[in-house]
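This is what each chain is made of:
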Amino acid sequence: MDSAHLDTDTALHTDTGTGLDTDIGTGLDTDIGVRQLAKMIDHSLLRPELTTTEVLLGCELAGAYDVASVCVRPADVALAVKALAGTAVAVGTVIGFPHGGSTATAKAGEAVDALAEGATELDMVLNIGLLRSGEDDAVREDIAAVVDAAAGAGLIKVIFENAYLDDEEKVRACRLSTLAGADFVKTSTGFAPGGATLEDVRLMRANVPAHMRVKAAGGVRTLDRMLEFVAAGAERFGATATATILDDLAARRAAA
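Residues numbered from 1 in each chain as written. Predicted model: local features only at pLDDT ≥ 70, side-chain atom pairs only at ≥ 80, totals over all residues. Heavy atoms only, no water.

(A) Expanded view of the overall build of the protein chain. Secondary structure summary: the protein chain contains 10 helices and 10 strands in total. Out of the 256 residues belonging to the protein chain, those deemed buried represent 50%. Taken as a whole, the protein chain presents about 10,600 Å² of accessible surface, with 52% of it coming from carbon and sulfur. (Helix = DSSP H or I, 4+ residues; strand = E, 2+ residues; numbered from the N terminus. Buried < 20%, exposed > 50% of the residue type's maximum accessible area, 1.4 Å probe, protein only. Areas by Shrake-Rupley, 256 points an atom, 1.4 Å probe, with all protein chains shown as cover.)

(B) Quick peek at the environment of Ala90. Secondary-structure assignment places Ala90 in strand S5 (residues 90–95). Judged by its relative accessible area of 18%, Ala90 falls in the buried class. Contacts of Ala90, omitting those with residues within four sequence positions, involve Ala68, Ser69, Val70, Thr120 and Glu121. (Contact = heavy atoms within 4.5 Å.)

(C) Summary view of the pattern of salt bridges. Within this structure, the stated rule accounts for 24 salt bridges. Residue Asp66 is joined to Arg35 by a salt bridge in which the shortest nitrogen-to-oxygen separation is 3.2 Å. Residue Asp66 is found in the loop between helix H2 (52–65) and strand S4 (69–72), and its partner Arg35 is found in helix H1 (residues 34–38); the two are separated by 31 residues along the sequence. With relative accessibility at 39%, the residue Arg35 sits in the partly exposed group. For Asp42, the salt bridge is made with Arg236, and the minimal N-O distance between the two is 2.6 Å. (Salt bridge = Lys/Arg side-chain N within 4 Å of Asp/Glu carboxyl O.)

(D) Representation of the pairing of strand S7 (residues 155–159). Taking burial as the measure, the 5 residues of S7 include 4 buried ones, the bulk of the element. For strand S6 (residues 121–125) and S7, the ladder comprises 5 bridges, and the chain directions are parallel. Counted as the bridge partner of Val125 is Ile159 from S7. Pairing of S7 with strand S8 (residues 184–186) involves 3 bridges; the strand directions are parallel. Each residue of the ladder has a partner; that of Lys157, found in S8, is Phe184. Of the crossover connections in this fold, the one passing from S7 over helix H7 (residues 167–180) to the parallel S8 is right-handed. (Pairing = 2+ DSSP bridges. Right-handed = clockwise from strand over helix to strand, strands pointing away.)

(E) Layout of the sheet that holds S5. Reading around the circumference, S3-S4-S5-S6-S7-S8-S9-S10 is the order of the 8 strands in this closed barrel, with parallel pairing throughout. Between one strand and the next, the sheet's axes are offset by a mean angle of 25 degrees, whatever the strand orientation. Here helix H9 (residues 223–232) sits on the sheet and contacts strand S3 (41–45), strand S9 (213–217) and strand S10 (236–239); the angle it forms with S10, its principal contact strand, is near 150 degrees. (Axes fitted to C-alpha atoms, helices over the stretch in contact; angles between N-to-C directions.)

(F) Just unusual backbone geometry, in detail. A cis amide bond, omega 0 degrees, links Phe97 with the succeeding residue Pro98. Considering the arrangement of structural elements, one finds Pro98 in the loop between S5 and helix H4 (104–117). Phi angles above zero are rare outside glycine, and Asp66 is one such case at about 55 degrees. With a phi close to 60 degrees, Glu161 is a non-glycine residue in the positive phi region. If you trace the backbone, Glu161 turns up in the loop between S7 and H7. Relative accessible area serves as the criterion here: at 3%, Glu161 is assigned to the buried category.

See the structure below:
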């Protein structure tokens, strides 16, 4: 990627409450530079059919664009850590993925294994069925098991899988994630019938404290769409269209 594109040029301002200023109504009136947006992206490498070569190519792309992290399958953590050594790109993985139905003990074990392999970010799926059943204590304990297993060694992002939840359940999931000590709440796995929506991101942002962040995943495939989510309160994104999004921003900045 051309380093000349990695700027933080300024344009029009609208306070989004995320620490970033954006006004996307005209296409690219935004303060967000390519480097800044890159550091809001977790490049996703979770599809079950990906080969080792494809995972390595994905890590190479993540390193070239200097994104926040790659999010790989648990079996690929060591491979990604080696591939990204010497870069500023973190390695993340998933826990209880994609359905969230593993036991809390199993999820904690996955977390310990992932951290031992070098992962520093863990995207865990909460127990969707227990949440929908109103078993809040069990859901909180499920999340806390992963938080406690990480013991501060990794960021914990709690995936709600909002496609299966109503708004009341999403609000409860926010509260339980907060009580359990998670760092992020996240909309989706990307493998359910629906992904991130602006309404869900706004709801989640409004129902977690300021120190917690919101990650949008599932269906964020264009620059304009990503900027809409930034304005709604998202501060991290799961994305597969990383190069397309960042190249688009660089090209628009160059033409401005």
